[in-house]
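# Understanding the architecture of this molecule
Here is what each chain is made of, one letter per residue.
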Amino acid sequence: MADAKPAPNFAARAAAAADRRDTRGRWLLSAPALLILLFAAIGPLIIVVIYSFLKKGGYGGVEWEFSTDAWTSVVFQKDIFTDEITIADAHLLIFWRSVKLSFLTTVMALAFGFPTAYFIATRNEKSRDLWLFLITIPFWTNLLIRTFAVMEVIRNEGIVNSILLGLGLVDAPVQIMFTDFAVMMGLLYVYLPLMVLPLYASMERIDFRLVEAGYDLYATRWHVLRRVIFPLVKPGVIAGSILVFIPSLGAYVTPRVLGGGRNLMLGNLIEMQFGQGRNWPLGAALSITLMAIVMVALLFYVKNASKTGARHG
Amino acid sequence: MAETTPVIKRRRGRGFDVRQQTGFTTIAMLCFVMLYAPILTLVVYSFNAGTSVAIWAGFSWRWYESALANTQVQDASIRSLTIASFAAVLSTIVATMAALATTRTRNFPGLTFIYAFINQPLMVPEIVTGVALLIFFASIKVATGYTGLGYLLIAHTAFCIPFAYLPIRARLENMDLSLERAAADLYATPFQTFRRVTLPLLWPGILAGGMLAFVISLDDVVITELVKSGGQDTLPTYMLGQLRRVVTPEMNAISSVFLAISIVMVTIFFLLNRKKT
């Protein structure tokens, strides 16, 4: 950009002015999108932070008075009679269940998704598209409908139990609905494509000469998988795991439908504060907590992605 | 796992495929069956003549007819389509503008900021966005007394923007500036260049972005459930409410229609994207 010709000042200034005009034009062109997002996505998030530091109103809503009650009650609860402060077991249990189920879902998704992505990546060009298409269709289908489809399969009068009863393997239907297992199955079913797609993207680029070199050096299939293929696709593994873990953690529909009223997750706990709970500040504080966990997971991802990127690039 | 040399020699014989991994194909097939079995069962039972969603009693269209005749379903469908069309059109227009501004350019001040801002809805859990909008819109409702469909329209538009933006941006990045420069050399005004050169080239990207936005809006449950006022059910929130009661195959019928729409959309999206390469 630095022009060292005669009259450098003039040329540089003209270029800078043109740059400024260009920048302003680009900002103006982006402005409508930014304004809509500011109004209906980002601005309201700031209000959530403010609300988490207010007192709760009698019938929902808030009173405009500073208070840290909401934040305290994320982890602690006050006995209404004795004012004794104890750990809020109910909340911690839900936190723990959310993290546990999201983690198990991620592990299961990896266990099923890795071979599937590998299978697709090792097909020939033409049929690869078709297999990918088959993974994409469920991903584009309404999440509620997919959850409903799982419900049809696992409920007491559902397919699995009809078959089991019909074959005489069990005398009474096996209760699968409204258990943690049902919620996990639902999450796995719903988010599996999110694991397969990034895994596929990194497997597609595997240089199979490296795999061949592994075999030439007397590696077994397991060794090749663990020492050659897995390190090559690690960025995809991390991306897929994050993409499954984050929405599982904030899941609302799947635990509501498959978990019933008892097996709540964080998303349901948050929603409850705005429904029956009528504790908006607590709901706001819980939302921020959820978002903080998500941000930590994302930062971990970004850090890892840039590290591996630097090593290979 | 003590492997001996003769074993390896045998395995590296003629039929040896370096890409093969033991059991992977089986798991992959299991995966596809797992993904499709529930959906297929759902569709099959939508044609069930009986009232149960588990016992097959013969083929019939009765649940499609009853869904069509259900006024609540009619209302919710119209509302869903209205919101999705509005959100898709508006978000695609503003996303196209933003994509034009943020691609094929030097790294101008604020570029990263705009990019992060537009992709923000993808990073925040839906339930958090939903709660934030509920709080914000509740105070607007109190202040203005307006309780119409506007809240849902603007909320859907906002979270559709990144979905519309990404395919358009991807398309733009694959278009070089030479044709536009040529047009400018031939004395086309910037508007003519845009109208006659950029827009026709960009069109598949815009269409893909718009369709993605449409499907995303149509599918939304969480944000709609939290933002809607009384009597503003969309099809997904209506279905969520129904799941609490005794489920009849009418739900399957509605779901199957929904599914058909999604599959048609993905297919078109897929073809649009493929033409590009």
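First things first, this report covers the structure right here in the doc. In this text the structure is predicted, and so the values were computed from the model without any measurement.

Here we come to the overall build of chain A. Of regular secondary structure, chain A possesses 12 helices and 4 strands. Against the 2.2 N^0.38 benchmark of 20 Å for 313 residues, chain A shows a C-alpha radius of gyration of 26 Å, more extended than a compact globule. For the C-alpha atoms alone, the extent of chain A along its principal axes is close to 90 × 65 × 35 Å. In chain A, which comprises 313 residues, the share counted as buried stands at 50%. Nonlocal contacts in chain A, meaning residues at least 24 apart in sequence, comprise 63% of its contacts between residues at least 6 apart.

This part covers the packing of helix H5 (residues 143-154) of chain A against helix H7 (residues 180-203) of chain A. Residue and element names in this part refer to chain A. Running from amino to carboxyl end, H5 crosses H7 at an angle of 135°, the nearest separation of the two axes being 10 Å. Classed by the angle they form, the pair H5 and H7 counts as oblique. Where H5 crosses over H7, the two elements pack in a sense that is right-handed. Mapping the contact onto sequence places Leu143, Arg146, Thr147, Val150 and Ile154 in H5 and Ala182, Gly186, Tyr189, Val190 and Tyr191 in H7. Per-class residue counts for the contact of H5 with H7 are 7 nonpolar, 2 polar and 1 charged.

Taken residue by residue, the interface counts 95 residues in chain B and 85 residues in chain A. Of the charged contacts in the structure, one is a salt bridge between aspartate 19 of chain A and arginine 106 of chain B, with a shortest N-O distance of 3.7 Å. Linking chain B with chain A are 11 residue pairs in polar contact (both at pLDDT 80 or more), by the criterion used here. With 16 residues, the single largest contributor to the side of chain B that touches chain A is helix H2 (residues 24-45) of chain B. Across the side of chain B that touches chain A, the residue classes break down as 68 nonpolar, 16 polar and 11 charged.

All names here are of chain B. With respect to the element layout, threonine 224 can be found in helix H10 (residues 222-227). Assessed through its relative accessible area of 0%, threonine 224 is described here as buried. In contact with threonine 224, not counting residues within four places along its chain, are Leu152, His156, Thr234 and Thr237.

Here the focus is the nonpolar core. Membership of the largest hydrophobic core comes to 171 residues, with the highest contact counts inside it found for Phe114, Ile120, Met203 and Val211 of chain A. The element that contributes the greatest number of residues to this core is H7 of chain A, accounting for 15 residues. Once residues lying within four places of it in the same chain are set aside, the contact partners of valine 211 of chain A are Ile206, Val224, Val228 and Ile229 of chain A together with Val18 of chain B.

Turning to H2 of chain B, a few remarks are in order. Residue and element names in this part refer to chain B. The end-to-end C-alpha distance of H2, which contains 22 residues, comes to 32 Å, matching closely the 32 Å that a straight helix rising 1.5 Å per residue would cover. Bending of H2 peaks at approximately 30° at the position of tyrosine 36, with proline proline 38 no more than four residues after it. Regarding H2, the residues found buried are Phe24, Ala28, Cys31, Phe32, Leu35, Tyr36, Pro38, Ile39, Thr41, Leu42 and Tyr45.

The next point concerns the pattern of salt bridges. Tallied over the entire structure, the rule returns 14 salt bridges over all chains. In this structure, lysine 100 of chain A engages aspartate 180 of chain A in a salt bridge whose closest nitrogen and oxygen atoms are separated by 3.5 Å. With a gap of 80 residues between them, lysine 100 of chain A in helix H3 (residues 89-121) and aspartate 180 of chain A in helix H7 connect regions that are remote in the sequence. One network of salt bridges, with partners in common, ties together Asp19, Asp22 and Arg26 of chain A together with Arg106 of chain B.

It is worth spelling out the packing of aromatic side chains at this point. In total, this model carries 25 aromatic pairs over all chains according to the counting rule given. Arranged with centres 5.9 Å apart and planes meeting at 85°, the rings of tyrosine 51 of chain A and tryptophan 64 of chain A form a pair that is edge-to-face. Taken as a pair, tyrosine 51 of chain A in helix H1 (residues 8-51) and tryptophan 64 of chain A in strand S2 (residues 62-66) lie far apart in primary sequence, 13 residues in all. Taking relative accessible area as the criterion, tyrosine 51 of chain A reaches 7% and is therefore assigned buried. Given the relative accessible area of 66%, tryptophan 64 of chain A is considered exposed. Centroid distance tyrosine 118 of chain A to phenylalanine 24 of chain B: 5.4 Å. Interplanar angle 85°. Geometry classified as edge-to-face. Here phenylalanine 24 of chain B lies in helix H2 and tyrosine 118 of chain A lies in helix H3, a pairing that spans two chains. A single burial state applies to tyrosine 118 of chain A and to phenylalanine 24 of chain B, both of which are buried. Through successive ring pairs, a cluster of aromatic residues spans Phe39 of chain A together with Phe136, Phe137, Tyr146 and Tyr151 of chain B. One Lys or Arg, lysine 141 of chain B, reaches over the ring of tyrosine 151 of chain B and ends 5.2 Å from the middle of that ring.

Each value, and the rule that gives it
Residue numbers here run from 1 along each chain, matching the order of that chain's written sequence. In the order they appear in the text, chains get letters beginning with A and ligands get numbers beginning with 1. Residue-level local features of this predicted model are given only where pLDDT is at least 70; pairs of side-chain atoms are given and counted only at 80 or more, and the full residue set underlies all totals for whole chains, interfaces and linings. Each side-chain value is derived from all of the structure's non-hydrogen atoms; neither hydrogens nor water enter the calculation. Helix and strand assignments follow DSSP, with helices taken as H or I runs no shorter than four residues and strands as E runs no shorter than two, numbered in order from the N terminus. Taken over C-alpha atoms, the radius of gyration is set against a globule rule of 2.2 Å times the number of residues to the power 0.38. Exposure categories follow from relative accessible area, calculated using a 1.4 Å probe and restricted to protein chains: below 20% of the type maximum is buried, above 50% is exposed, and the middle band is partly exposed. Throughout, a residue-residue contact means that at least one pair of heavy atoms, one from each residue, lies within 4.5 Å. Axes, fitted as lines to C-alpha atoms, cover a helix only where it is in contact. Angles between the N-to-C directions of the axes lie from 0 to 180 degrees. Here is the rule for angles: anything less than 35 degrees is roughly parallel, anything more than 145 is roughly antiparallel, 65 through 115 is roughly perpendicular, and the remaining ranges are oblique. Here is the rule for handedness: rotate from the far helix to the near one, and if that takes an anticlockwise turn smaller than a right angle the crossing is left-handed, while a clockwise turn gives right-handed. Residue type decides the class: Asp, Glu, Lys and Arg count as charged, Ala, Val, Leu, Ile, Met, Phe, Trp, Tyr, Cys and Pro as nonpolar, and the leftover types, Gly among them, as polar. The rule for a salt bridge is simple: a side-chain nitrogen of Lys or Arg has to be within 4 Å of a carboxyl oxygen of Asp or Glu. Polar contacts, as used here, are pairs of N or O atoms within 3.5 Å; protein pairs need one atom able to donate a hydrogen and one able to accept it. Residues neighboring in sequence count only if both atoms are side-chain atoms. The criterion is simple. A nonpolar core is a set of buried Ala, Val, Leu, Ile, Met, Phe, Trp, Tyr and Cys residues joined through side-chain atoms within 4.5 Å. For a helix, the expected span equals 1.5 Å multiplied by the number of residues minus one. Bend, at a single residue, is the angle you get between axes fitted to the 7 residues ending at that residue and the 7 residues starting at it. Here is the rule: rings of Phe, Tyr and Trp (six-membered ring for Trp) pair when centre to centre is within 6.5 Å. Planes less than 30 degrees apart are stacked, more than 60 are edge-to-face, and the remainder are tilted. Distance and angle both matter: a charge sits over a ring if NZ of Lys or CZ of Arg is within 6 Å of the ring centre and within 35 degrees of the ring normal.

Nothing here speaks to function; it is all geometry.
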